[in-house]
Amino acid sequence: FQFEGSINVLTQMMVDPAATEKRGGAKNLPLRRGEILDVIQFTNREQILCRNSQRRYGYVPRAVMLPL
(Lines give C-alpha, C1' and ligand atoms only; values in the text may rest on other atoms or scores of the structure.)
Protein backbone atom coordinates (compact mmCIF):
# COMPACT_ATOMS: atom_id res chain seq x y z
CA PHE A 1 0.00 0.00 0.00
CA GLN A 2 1.49 3.34 -1.04
CA PHE A 3 0.29 6.56 0.56
CA GLU A 4 0.86 9.75 -1.42
CA GLY A 5 1.29 13.05 0.39
CA SER A 6 2.52 14.14 3.79
CA ILE A 7 1.88 11.93 6.80
CA ASN A 8 0.13 13.73 9.63
CA VAL A 9 -1.02 11.58 12.54
CA LEU A 10 -4.44 12.93 13.54
CA THR A 11 -4.89 10.77 16.64
CA GLN A 12 -4.42 7.25 17.95
CA MET A 13 -7.16 4.66 18.33
CA MET A 14 -7.31 1.11 19.63
CA VAL A 15 -8.64 -1.97 17.87
CA ASP A 16 -11.56 -3.29 19.94
CA PRO A 17 -10.32 -6.16 22.17
CA ALA A 18 -13.56 -8.02 21.34
CA ALA A 19 -13.08 -7.67 17.57
CA THR A 20 -12.24 -10.61 15.35
CA GLU A 21 -8.60 -10.60 14.27
CA LYS A 22 -8.26 -10.34 10.50
CA ARG A 23 -5.50 -10.79 8.00
CA GLY A 24 -4.71 -7.82 5.83
CA GLY A 25 -5.70 -7.66 2.21
CA ALA A 26 -4.52 -5.62 -0.74
CA LYS A 27 -5.34 -2.32 0.96
CA ASN A 28 -6.51 -3.47 4.40
CA LEU A 29 -4.32 -3.47 7.47
CA PRO A 30 -4.13 -6.73 9.45
CA LEU A 31 -6.00 -6.37 12.76
CA ARG A 32 -4.81 -7.50 16.17
CA ARG A 33 -7.07 -7.10 19.19
CA GLY A 34 -6.05 -4.26 21.49
CA GLU A 35 -3.48 -2.86 19.05
CA ILE A 36 -2.94 0.91 19.07
CA LEU A 37 -2.98 2.44 15.58
CA ASP A 38 -2.04 5.90 14.30
CA VAL A 39 -4.95 7.49 12.42
CA ILE A 40 -3.73 9.16 9.23
CA GLN A 41 -7.06 9.98 7.57
CA PHE A 42 -10.78 9.54 8.22
CA THR A 43 -11.54 8.43 4.66
CA ASN A 44 -15.29 7.75 4.83
CA ARG A 45 -18.03 6.49 7.18
CA GLU A 46 -16.87 2.88 6.95
CA GLN A 47 -13.07 3.06 6.93
CA ILE A 48 -10.09 4.85 8.45
CA LEU A 49 -6.59 4.97 6.99
CA CYS A 50 -4.18 3.85 9.72
CA ARG A 51 -0.54 2.98 10.39
CA ASN A 52 0.50 0.19 12.76
CA SER A 53 3.60 -0.20 14.93
CA GLN A 54 5.44 -1.90 12.04
CA ARG A 55 4.90 1.34 10.04
CA ARG A 56 2.57 -0.42 7.57
CA TYR A 57 -0.44 1.44 6.18
CA GLY A 58 -3.92 0.29 5.31
CA TYR A 59 -7.64 0.71 5.79
CA VAL A 60 -9.39 -0.39 8.99
CA PRO A 61 -13.18 -0.62 9.52
CA ARG A 62 -14.45 2.15 11.80
CA ALA A 63 -16.71 -0.37 13.55
CA VAL A 64 -13.72 -2.04 15.27
CA MET A 65 -11.96 1.15 16.39
CA LEU A 66 -12.22 2.65 19.88
CA PRO A 67 -11.01 6.11 20.96
CA LEU A 68 -8.24 6.22 23.53
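This one's a predicted model, so the numbers in the text were calculated from it and none came from an experiment.

1. What about the pairing of strand S2 (residues 36-41)?
Consideration 1: Looking at chain direction, strand S1 (residues 11-15) and S2 are connected through four bridges and run antiparallel. Considered in S2, the bridge of Gln-12 is made with Asp-38.
Consideration 2: As paired strands, S2 and strand S3 (residues 47-51) are joined by three bridges and run antiparallel to one another. When the bridges of S3 are listed, Val-39 appears paired with Cys-50.
Consideration 3: In textbook terms, the turn of a hairpin is the stretch between consecutive antiparallel strands, and for S2 and S3 this stretch comprises five residues.

2. A word on the pairing of S1
Consideration 1: By the bridge criterion, three bridges tie S1 to strand S5 (residues 65-67) in an arrangement that is antiparallel. Counted as the bridge partner of Met-14 is Leu-66 from S5.

What counts and how
Residues numbered from 1 in each chain as written. Predicted model: local features only at pLDDT ≥ 70, side-chain atom pairs only at ≥ 80, totals over all residues. Heavy atoms only, no water. Pairing = 2+ DSSP bridges. Helix = DSSP H or I, 4+ residues; strand = E, 2+ residues; numbered from the N terminus.

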